[in-house]
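Residue strings, one per chain:
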Amino acid sequence: MKPNKSLSRMMAIVIVGTVMAACSLDSLESGKDVIIDPVEEHMLAACGLIDSRTRPDSYEQLVFTEQDIEWFNTTTREIKFRDMHKQPYEFLEPFHQIKFYLGGNTLFEVSSFVGDWDSRTYTDLVLHYDVITDPHQGRYYLHDCYPLQFIDTDEVKANIKKNEGQWELFTSYLESIGKLRK
């Protein structure tokens, strides 16, 4: 019986590995919907929301997971992505909203992916692509608003308070997997 248990464990590892590989960013090129496997119940993942104006129904598409994050800095709120076959701005551009999940639970929703060229004002959480600070290497930040000069408005302060618990979960989880910088 012992060899069968080992074989069963090995098969389970292969199946889980195959499912996780299927959730890679390569699926973005094919345009297929991606479903995160519930076997990995504590995985951090972000899904881009496709607006119903571009499709008959809204849906989510996996854009990155914790495996794509090299580190997150709590002081600057910079999120450093590992080297990928595409630059993050290339696959984030079409999404107006991005939902962060921890397992099956929604942590928070980023109201928009914005770049330095964006002239609109956002009073809720955004994923900001900064190319002005260092034009040779763009940087990504999770900011409470965009542009940052609106941080002291009542609306932004209320949203910061609303997201407080989710930020704690987000940073605690990243710390537990060794991807948090202070």
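This text follows the structure it describes.
Residues numbered from 1 in each chain as written. Predicted model: local features only at pLDDT ≥ 70, side-chain atom pairs only at ≥ 80, totals over all residues. Heavy atoms only, no water.

Caption draft 1: Structural context of helix α4 (residues 154-176). Taking 1.5 Å per residue as the helical rise, α4 with its 23 residues ought to reach 33 Å, and the 33 Å between its terminal C-alpha atoms agrees with that figure. Where α4 bends most, at Glu-164, the angle is about 50°. Buried within α4 we find Val-156, Asn-159, Asn-163, Trp-167, Phe-170, Thr-171, Tyr-173 and Leu-174. Gly-178 sits one or two residues past α4 and shows a positive phi near 75°. (Helix = DSSP H or I, 4+ residues; strand = E, 2+ residues; numbered from the N terminus. Expected span 1.5 Å × (residues − 1). Bend = angle between axes of the 7 residues up to and from the residue. Buried < 20%, exposed > 50% of the residue type's maximum accessible area, 1.4 Å probe, protein only.)

Caption draft 2: The arrangement of the pattern of salt bridges in detail. This structure, assessed with the given rule, holds eight salt bridges. Here Glu-78 ties to Arg-139 by a salt bridge, and the two come within 3.5 Å at their closest N and O atoms. Residue Glu-78 is found in strand β4 (residues 78-81), and its partner Arg-139 is found in strand β9 (residues 139-143); the two are separated by 61 residues along the sequence. By relative accessible area, Glu-78 is classed as buried at 9%. By sharing partners, the salt bridges in this structure join Glu-78, Asp-134 and Arg-139 into a single network. (Salt bridge = Lys/Arg side-chain N within 4 Å of Asp/Glu carboxyl O.)

Caption draft 3: Just the environment of Asp-154, in detail. Along the chain, Asp-154 falls in helix α4. Asp-154 gets classed as exposed once you look at its relative accessible area, which sits at 66%. Taking the C-alpha atoms as reference, Asp-154 lies 9.5 Å from Thr-123; in sequence the two are 31 residues apart.

Caption draft 4: Inspection of the sheet that holds strand β6 (residues 105-110) at higher detail. If you trace the four strands from one edge of the open sheet to the other, you get β2-β1-β5-β6, paired in antiparallel fashion. Each of the sheet's edge strands pairs with one partner strand only, and the pair in question is β2 (59-65) and β6. Neighbour-to-neighbour, the strand axes of the sheet open up by a mean angle of 30°, direction not taken into account. Looking at chain direction, strand β1 (residues 44-50) and strand β5 (residues 97-102) are connected through six bridges and run antiparallel. (Pairing = 2+ DSSP bridges. Axes fitted to C-alpha atoms, helices over the stretch in contact; angles between N-to-C directions.)

Caption draft 5: Molecular detail of the sheet that holds β4. An order of β7-β8-β9-β4-β3-β10 is seen for the six strands of this open sheet, with the pairing classed as mixed. Here the strands that pair on one side only, and so sit at the sheet edges, are β7 (112-115) and β10 (180-181). The pairing of strand β3 (residues 69-73) with β10 spans two bridges and is parallel. Paired with Phe-72 across the two strands is Leu-180, which belongs to β10.

Caption draft 6: Spotlight on the environment of Gly-138. In this fold, Gly-138 is placed in the loop between β8 (126-130) and β9. Taking the relative accessible area as the measure of exposure, Gly-138 reaches 23% and is therefore partly exposed. Those residues in contact with Gly-138 that sit more than four places away from it in its chain are Tyr-129, Asp-130 and Val-131. (Contact = heavy atoms within 4.5 Å.)

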